[in-house]
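# Secondary and tertiary structure notes
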Amino acid sequence: MKKKQTAKYILCDTLSAMLAWAALFLFRKIVLESMGFVDVGGVFHDSNFWLGLVIVPTGWLVLYTIQGTYRNVLRRSRLKELIETFLASIIGVVIIFFALLIDDEITTYRNYYASFLFLLAVHFTLTYLPRLLLTSRTVRRVHSRQIGFPTLMVGGKRKAMQTYLDLENQETYSGNMFEGYVSVGQEEQEELSKVMPCLGGLADLRRLVEEHHVEEAIIAVEDDERDQINKILLALDCCGDIIIKITPDARDLIVGSIKQESIFHSPLITINNRLMEEWQYSLKRIFDVVFSLLAMIILSPVYLVTAIIVKCTSPGPVFYAQERIGYHGKPFKMHKFRSMYIDAEEAGPALSKDDDPRITPFGRFMRKVRLDEIPQFYNVFKGTMSLVGPRPERQYYIEQIVKRAPEYMLLQRVKPGITSWGQVKYGYASSVDEMVERLRYDLLYLDNMSLTTDLKILLYTVIIIFQGRGK
C-alpha cells in the first residue's frame, strides 16, 4: 500500500513539473517574446523545450526526496502538505531561474518577474491540487478504518486499557491497528488481555517489533512502573523509525509539555526519535555517496601502492573483512587493509594496543595515518556505513559493553562511520573500559548530530591524519 501511494505521488509530481515547464515555455516564447504572436509549432521544435521536460522534473523529484516528501506518505496531513509544497515550490523555482533562465536574453527585467511569478503560481497549483486529493483520500480511508498502522501497546494494566478505549472511541480514528501488547509487570492476568493478546515481555520488545512490522508503539504504564520507561525507550530507539507515543501524567499536564497534532485525538506525547531533519538525512547520504565515489577514484593510486606494500611486507591477503554490527543492529562486512599478521586472533577476539605484536610494521604506519581505513569508502558507497558516525563494533564486545552501559544500544540509531567524535577525541580503544569511556563522546554526537558537526569531525580527522596521531 505504501509503495503504491508513493508511486502515485511521484507520478503526479512528475506530470505537474512537466506541465508547469511547458506552460512557462509557452508563456515566455509566445506571450513575452513574441508579443502575442502564436507559433505553437515553432515552440515545440525548440530542443530546449524537450530537454527541459526531462531535466526539470528530475530536479523537482530530487528536491522533494531531499525534503522528505515521499517518507511516510500514508501519514501526511493536509496542512503540512500545503506548507511543504509551497516552500519547495519557492526553492525549486529560484533554482530553475538561476540554473536555466538567468542568462536568457530579455527586453525588460519585468519579464523575469513575470516569468518567476507565473512559474511559481502554476507549479504550486498543479503540484498541490493532486497532492491534496491523494492526501484527502488517504485521510478518509484511515478515518474509516480501511487503512491502519500496526501498533504495539507497552503495558497491560488499567492505564493501558484506558488508553486503548480512548483510541478506539475517539471521534476520528487515528489508524492504530493493535497487534497485541507487551507486559511490563509480572501479573498473570492483565486487563488488556481481554481485548488483545499478550505477545511477551520487555525482553521480547525488539523481536516483536520486527516480527509484526510495527510502525507505532504506545507506552501506557502505571505510575509504579514508570521507572521502566527508560528501559522501554532504549529498546524502542533501536528498532528503526517507529513512532513512539507515551501517556502523559499529571506533571506533564501541569508544565504543558504535551504537543498535539490533532485536537480530536487521544492526548499522547509523541517522542521524536529523528536526530536530524529529513532534508539533512538526505544531504548526508548524498554527501556520503559523492565523497566516497570521488575518494575511491582519486585515491586509486594509493589503493594500488598500499595493496602492493601490504602484499610484499607480510604473507596473507591484502584486504581484511570483519563482521561488525551496524544500523539497527544489522551485521555487515567492514573492509580494511590488513594491518595484522594472519591468524592474529587464533586465540579469540582481542583489541589492539600499543606495541601489539600482532600488528605488522607497515600496519603500524597505516594505523597512524588511518590508511588501513580507506577501503571503507566502499562500505560508505554501499550504504552500510557513513563518513561520520560511531565506530562499529563486533557483537562479542557489544555484549560486554551493554552489561556496563546499556545506553550503547542508542548508537545503533545511526549508521556507523569511518570516523567519529569518539574516534577523534579518544582514538582506537584497547580495552572494554576504553570503549565505555569513548561511548560518552559518541552519545554526545547523537545529541548534536548535524551536517555542521559532521564537517567539523571530518576536518579534525584530516588534521589527525596529517599529524600521524592515530594509533
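Cut-off values and rules
- Residues numbered from 1 in each chain as written.
- Predicted model: local features only at pLDDT ≥ 70, side-chain atom pairs only at ≥ 80, totals over all residues.
- Heavy atoms only, no water.
- Helix = DSSP H or I, 4+ residues; strand = E, 2+ residues; numbered from the N terminus.
- Areas by Shrake-Rupley, 256 points an atom, 1.4 Å probe, with all protein chains shown as cover.
- Phe/Tyr/Trp six-rings, centres within 6.5 Å; stacked < 30°, edge-to-face > 60°.
- Axes fitted to C-alpha atoms, helices over the stretch in contact; angles between N-to-C directions.
- Parallel < 35°, antiparallel > 145°, perpendicular 65-115°, else oblique.
- Contact = heavy atoms within 4.5 Å.
- Nonpolar A, V, L, I, M, F, W, Y, C, P; charged D, E, K, R; others polar.
- 1 Å grid on protein atoms, 1.4 Å probe; cavity = no way out; pocket = protein on both sides within 12 Å on 5 of 7 lines; lining within 4 Å.
- Points joined across faces, edges and corners; volume = space filled by probe spheres on them.
- Pairing = 2+ DSSP bridges.
- Buried < 20%, exposed > 50% of the residue type's maximum accessible area, 1.4 Å probe, protein only.
- Right-handed = clockwise from strand over helix to strand, strands pointing away.

As a further point, take the overall build of the protein. A count of helical and extended segments in the protein gives 17 helices and 10 strands. For the protein, the accessible area works out to roughly 24700 Å², and carbon and sulfur atoms hold 62% of it.

This brings us to the packing of aromatic side chains. Summed over all chains, the structure comprises 14 aromatic pairs. Between phenylalanine 86 and phenylalanine 124, the aromatic rings sit 5.7 Å apart at their centres with planes inclined by 90 degrees, giving edge-to-face as the arrangement. Of this pair, phenylalanine 86 sits in helix H4 (residues 78–101) while phenylalanine 124 sits in helix H5 (residues 110–143), and the two are 38 residues apart along the sequence. With 6.0 Å between their ring centres and 55 degrees between their planes, tyrosine 303 and phenylalanine 337 make a pair best called tilted. Linking tyrosine 303 in helix H11 (residues 300–313) with phenylalanine 337 in strand E8 (residues 331–337), this pair joins segments that are 34 residues apart in sequence. Taken together, the aromatic side chains of Trp60, Tyr64 and Tyr70 make up a single cluster linked through ring pairs.

What follows concerns the packing of helix H10 (residues 278–298) against helix H17 (residues 451–467). Where H10 contacts H17, the two axes come as close as 10 Å, and the packing angle between them is 30 degrees. Regarding the angle of H10 to H17, the classification is roughly parallel. Across the interface between the two elements, Trp279, Gln280, Leu283, Lys284 and Phe287 of H10 pack against Leu451, Asp454, Leu455 and Leu458 of H17. Here the contact of H10 with H17 is built from residues that sort into six nonpolar, one polar and two charged.

Moving on, we come to the layout of surface pockets. Gaps left between atoms are located by rolling a probe of water-molecule size over the structure's atoms. The calculated volume of the second largest pocket comes to roughly 540 Å³. As for the second largest pocket, its lining consists of 30 residues, and the residues nearest its centre are Gln322, Arg324, Lys336, Met340 and Arg367. Contributions of two or more residues to the lining of the second largest pocket are made by strand E7 (319–325), E8 and helix H16 (432–447). The residue makeup of the lining of the second largest pocket, split by class, is 15 nonpolar, four polar and 11 charged.

Let us look at the sheet that holds strand E4 (residues 216–219). One open sheet accounts for six strands, arranged E3-E2-E1-E4-E5-E6; its pairing is mixed. Each edge of the open sheet carries a strand with a single partner, namely strand E3 (198–201) and strand E6 (269–271). On average, each strand axis in the sheet is inclined to that of its neighbour by 30 degrees, with strand direction left out of account. Here six bridges tie strand E1 (residues 149–154) to strand E2 (residues 176–183), and the two strands are oriented parallel to one another. Within E2, the position partnered with phenylalanine 149 by the bridge is asparagine 176. Lying over the sheet, helix H6 (residues 158–169) contacts E1, E2 and E4, oriented at roughly 180 degrees with respect to E2.

Counting buried positions along E1 gives six out of six residues, so the element sits mostly inside the fold. Burial along E1 is two-sided: the residues Phe149, Thr151 and Met153 and Pro150, Leu152 and Val154 are all buried. Taken together, E1, H6 and E2 form a β-α-β motif whose crossover is right-handed. Here four bridges tie E1 to E4, and the two strands are oriented parallel to one another. The residue bridging threonine 151 from the neighbouring strand is glutamate 216, located in E4.

Turning our attention to unusual backbone geometry. Even without being a glycine, asparagine 72 presents a positive backbone phi close to 55 degrees. Looking at the secondary structure, you find asparagine 72 in the loop between helix H3 (47–67) and H4. The class for asparagine 72 is partly exposed, based on a relative accessible area of 27%. Positive phi values are uncommon outside glycine, yet arginine 370 reaches one of about 60 degrees. Residue arginine 370 is classed as buried on the basis of its relative accessible area, which comes to 8%.

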